[in-house]
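Listed here are the chains, written in short residue letters.
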Amino acid sequence: MHPALQGLMTIVIGVSACIAYFALSNQFLDKVLFPARGPNAGRNINRANMIRPWLFLFPALFALGLYLAYPVYETLRLSLTDRVPGGGYEWAGLDNYTQMIAEPKFWEAIRNNMLWLLIVPALSTAFGLLAAQLTDRIGWGNIAKSLIFMPMAISFVGASVIWKLVYDTRPADQDQIGILNAIYMALGGAEPQTWLTIPLWNNLFLMIVLVWIQTGFAMVILSAALRGIPEETVEAAIVDGASPLQIFFKIKVPQIKNTILVVWTTITITVLKVFDIVFAMTNGQWETQVLANYMFDKLFRANDWGVGSASAMVIMLLVAPILVWNVRNARNEMR
Amino acid sequence: MAELKLRGVEKTYGGNVNVLRDINLEIDPGELIVFVGPSGCGKSTLLRMIAGLEKITGGELTIDGQVMNDMPPAQRGIAMVFQSYALYPHMTVRENMSFALKIAKKPQAEIDKAVAEAAKVLQLDDYLDRLPKALSGGQRQRVAIGRSIVRDPKVYLFDEPLSNLDAALRVATRIEIARLKEAMPDRTMIYVTHDQVEAMTLASRIVVLANKGIAQVGTPLDLYERPENEFVAQFIGSPAMNLLPGKVTGTGAQTTVALDAGGVAVSTIPTTDADLGKTVNIGVRPEDLVATEGDAIFEARVDITEALGEVTLLYFESENGVEDGFIAKLPGIHKDLRGTTVRMTADPSKVHLFHNGQSMRT
């Protein structure tokens with residue numbers, strides 16, 4: 001069968017199965033299990049209503065349990081065991097963790113992750129806020145917004161390929177096709193730089209890719225928040241004599257503070273999990289290792305499932321508190 | 001002391017949509033001027049133009065002789081109270097009230113003193129460290145007023161400040177604003193409302209806006225007793241003035257009008273022989289109608305009565321030239337009049353005459 005046809009069939013079957021599940025299970029609950037008639041009609045309706053949410057939530061809970069909760073448990077187990085050659089496992093306690101902590105590459109990844117954590121959410125949110133404010137009142141603002149938002153539609157790997165070309169290096173006697181080197185040479189640089197091999201700076205060059213992607217996300221959310229600010233508070237500030245900058249920083253930003261925090265933390269979580277960009281551009285060489293790529297290296301290149309799982313647990317432990325805080329913030333925002 | 005002048009002021013959107021034209025108005029120092037008019041008449045737009053929040057597209061605005069057309073709002077010596085209060089939600093009452101002075105870089109001692117004074121006048125002392133969301137509607141509006149008092153402006157602008165309050169609070173706050181005005185006799189206030197009770201009770205002069213321009217300017221009782229046109233006649237007073245078409249049949253110190261529906265009306269508005277035979281509308285306020293056995297302005301069946309206690313409203317059936325919405329307001333309770341036919345007339349001094357929509361009073 002043609003693969004496109006196969007895909008289409010999968011979609012049709014999958015969607016109708018979902019609809020059928022909800023419709024039929026609902027019917028079963030109302031007509032067979034707790035019918036709304038007979039002497040206990042009222043009690044049956046109440047019971048059916050108590051069960052219904054769980055019935056509808058079941059597929060989601062089941063899928064999440066299977067694909068999220070179980071893997072977490074399994075990763076934890078793997079991180080505490082060692083594989084025995086020829087099959088089977090043996091209890092290893094915290095050995096994998098101590099081995100990981102002893103590795104300089106792990107600490108390099110932690111350091112780089114912290115750098116990413118400080119720089120990327122801050123720059124993305126700041127640029128997003130700036131773009132949201134500047135595109136708000138101008139005629140071609142929507143076009144500008146679409147352009148800024150567009151990188152969101154590109155996969156991380158795709159973006160990495162684009163930026164690899166930006167940082168491209170050719171021998172000095174050839175034309176530079178990488179725009180950064182082209183500019184550098186045009187400004188009188190002595191010889192083309194291999195940007196991605198300059199330690200510490202290369203981290204920054206990688207971060208710019210993610211900032212480029214996430215700015216659009218920050219802009220869209222913050223732009224909606226800015227529009228939600230009552231226009232009259234701005235007018236009152238104008239009458240009170242505030243300058244445009246004062247209005248922005250003293251009236252507008254404080255009013256969308258919670259949204260800024262949610263955007264910031266959401267990007268923070270993305271940053272902690274960053275893998276594709278580093279994998280596709282430097283693969284962790286030249287001191288650009290990050291935790292997720294470190295985990296991938298250990299798991300699938302070194303085949304060291306114990307240390308790989310241990311690093312996965314570290315990433316989860318770092319993300320979890322931010323996630324909890326983020327959800328709590330988002331809930332407050334909705335109230 | 002601030003005197004405010006509008007000369008030929010107009011507002012056009014996008015070059016061709018005209019919402020206000022040729023507004024001429026002189027506001028004396030210490031006046032409380034109320035802009036009233038139906039929704040969409042441009043009263044709020046005019047206020048926002050004075051505030052500097054909307055651009056004046058034609059004509060000239062002067063405050064104390066200085067042209068203000070292109071002056072930024074903060075330098076016009078005005079303060080504005082918004083309908084939605086427009087408090088800064090992230091600032092406490094104290095910060096809200098001191099914001100303008102902080103922006104103007106006034107010394108802290110002066111700011112504290114001004115805020116304390118305003119808070120005392122408005123009984124907000126106990127709420128200074130609360131956020132707006134912890135205040136009731138009335139308190140929020142008082143903070144909004146306090147925010148303008150603190151700046152001690154020459155001109156106060158109020159944009160429907162009571163519309164978001166419930167009925168009881170509206171009356172209380174209205175009286176508070178009247179007191180505030182009394183305490184500051186030299187400050188000019190401009191007040192926009194669609195509520196004519198607010199207009200009648202607060203204003204030293206009312207500006208009725210309609211049809212992109214000013215329909216009439218005058219003291220509240222002027223507008224009530226001597227409306228210059230049918231629009232003002234029907235807009236001021238509740239229920240609205242009744243209008244009946246007819247022809248002038250007698251002129252002189254008193255004018256006699258034979259109404260198309262057969263009745264006769266006499267008015268103390270003098271006319272000349274040139275007016276004889278003119279088509280006019282007579283206007284009588286519901287509260288000026290009285291029952292009579294003799295010559296009647298009209299005779300009609302009472303469709304519905306509304307007894308309000310101190311007065312009874314009679315709604316007439318539309319017949320004999322009496323139109324829908326024709327109303328008489330009689331003192332006392334008269335529920336028994338429902339379904340009966342009554343003859344109504346009015347004192348000649350209370351009968352208004354309009355020709356082509358304009359009052360014949362000169």
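This is a predicted model, so every value here is computed, not measured. (Residues numbered from 1 in each chain as written. Chains lettered and ligands numbered in written order. Predicted model: local features only at pLDDT ≥ 70, side-chain atom pairs only at ≥ 80, totals over all residues. Heavy atoms only, no water.)

1. Here we look at the packing of helix α2 (residues 93-103) of chain B against helix α4 (residues 137-150) of chain B
Residue and element names in this part refer to chain B.
For step 1, the next point in the chain: Contact geometry of α2 with α4 gives a least axis separation of 8 Å together with a crossing angle of 30 degrees. Relative to α4, the element α2 lies roughly parallel. Where α2 crosses over α4, the handedness of that crossing is right-handed. For the pair formed by α2 and α4, the contact residues are Val-93, Asn-96, Met-97 and Leu-101 on the first element and Val-143, Gly-146, Arg-147 and Val-150 on the second.
For step 2, the next point in the chain: Looking at the contact of α2 with α4, its residues break down into five nonpolar, two polar and one charged. (Axes fitted to C-alpha atoms, helices over the stretch in contact; angles between N-to-C directions. Helix = DSSP H or I, 4+ residues; strand = E, 2+ residues; numbered from the N terminus. Parallel < 35°, antiparallel > 145°, perpendicular 65-115°, else oblique. Left-handed = near helix turned anticlockwise from the far one by under 90°. Contact = heavy atoms within 4.5 Å. Nonpolar A, V, L, I, M, F, W, Y, C, P; charged D, E, K, R; others polar.)

2. A look at the domain arrangement of chain A
Residues and elements named next belong to chain A.
For step 1, the next point in the chain: One can read the domain layout of chain A as domain 1 (3-79) and domain 2 (96-334).
For step 2, the next point in the chain: Measuring from the centre of the C-alpha atoms in domain 1 to the corresponding centre in domain 2 gives 37 Å.
For step 3, the next point in the chain: A buried area of about 540 Å², summed over both sides, lies between domain 1 and domain 2, and 72% of it is on carbon and sulfur atoms.
For step 4, the next point in the chain: For domain 1, the biggest contributors to the area lost against domain 2 are Thr-75, Leu-78 and Ser-79; these three give 75% of the whole.
For step 5, the next point in the chain: Summed over the shared surface of domain 1 and domain 2, the number is two residue pairs in polar contact (both at pLDDT 80 or more). (Domains from an automatic or database assignment. Buried area = accessible area lost by both parts, 1.4 Å probe. Polar contact = N/O pair within 3.5 Å; in protein donor to acceptor, adjacent residues only side chain to side chain.)

3. Some thoughts on the sheet that holds strand β7 (residues 155-159) of chain B
All names here are of chain B.
For step 1, the next point in the chain: Spatially, six strands are ordered β6-β7-β8-β3-β9-β10 in an open sheet, and the strand pairing comes out mixed. Looking at the sheet topology across the chains shown, the edges are occupied by β6 (78-81) and β10 (213-218). Put simply, the sheet's adjacent strands are angled 20 degrees from each other on average, direction ignored.
For step 2, the next point in the chain: Of the pairings in the sheet, the one linking strand β3 (residues 32-36) to strand β9 (residues 205-210) comprises four bridges and is parallel in character. Counterpart to Ile-33 in the pairing with β9 is Arg-205.
For step 3, the next point in the chain: Across the face of the sheet, α4 comes into contact with β6 and β7 while running at roughly 175 degrees to β6. (Pairing = 2+ DSSP bridges.)

4. Quick word on the nonpolar core
For step 1, the next point in the chain: Core analysis: the biggest nonpolar cluster contains 80 residues, and A:Trp116, A:Ile277, B:Leu4, B:Leu6, B:Phe35, B:Leu157 and B:Ile190 have the highest contact counts within it.
For step 2, the next point in the chain: Broken down by element, the residue count for this core peaks at 13 residues, all from helix α8 (residues 201-227) of chain A.
For step 3, the next point in the chain: By size, the runner-up hydrophobic cluster in this structure holds 44 residues, among which are B:Val36, B:Leu101, B:Val150 and B:Phe158. (Core = buried A, V, L, I, M, F, W, Y, C linked by side-chain atoms within 4.5 Å. Buried < 20%, exposed > 50% of the residue type's maximum accessible area, 1.4 Å probe, protein only.)

5. Considering the pattern of salt bridges
For step 1, the next point in the chain: Across all of its chains, the model carries 25 salt bridges over all chains by this definition.
For step 2, the next point in the chain: Salt-bridge contacts for A:Lys105 lead to A:Glu108; the nearest nitrogen and oxygen are separated by 3.3 Å. On the criterion of helical spacing, the pair formed by A:Lys105 and A:Glu108 is a turn pair, its members being three residues apart in helix α4 (residues 104-134).
For step 3, the next point in the chain: You can call A:Lys105 partly exposed: its relative accessible area is 31%.
For step 4, the next point in the chain: Overlapping salt bridges, with partners in common, bring together A:Glu235, B:Lys11, B:Arg48 and B:Glu54 in one network. (Salt bridge = Lys/Arg side-chain N within 4 Å of Asp/Glu carboxyl O.)

6. Digging into the UniProt feature "domain: ABC transmembrane type-1" (unreviewed entry) in chain A
For step 1, the next point in the chain: In this numbering, the UniProt entry assigns the feature "domain: ABC transmembrane type-1" (unreviewed entry) to residues 110-326 of chain A.
For step 2, the next point in the chain: Secondary structure across residues 110-326 of chain A divides into 72% helix and 0% strand, with the first and last C-alpha atoms of the span separated by 22 Å. (UniProt positions renumbered as here; feature names shortened; annotations may be inferred.)

7. Considerations on the interface of chain A and chain B
For step 1, the next point in the chain: Each partner contributes to the interface: chain A provides 15 residues, whereas chain B provides 20 residues.
For step 2, the next point in the chain: The junction of chain A with chain B conceals about 1500 Å² of combined surface from both sides, 67% of it contributed by carbon and sulfur atoms.
For step 3, the next point in the chain: Among the residues of chain A in contact with chain B, A:Glu235, A:Val239 and A:Asp240 are the three that bury the most area, contributing 41% of the side total.
For step 4, the next point in the chain: Notably, a salt bridge pairs B:Arg151 with A:Asp240, separated by 3.5 Å at the nearest N-O pair.
For step 5, the next point in the chain: Our count for the chain A to chain B interface comes out at seven residue pairs in polar contact (both at pLDDT 80 or more).
For step 6, the next point in the chain: Classifying every residue of the side of chain A that touches chain B gives seven nonpolar, four polar and four charged.

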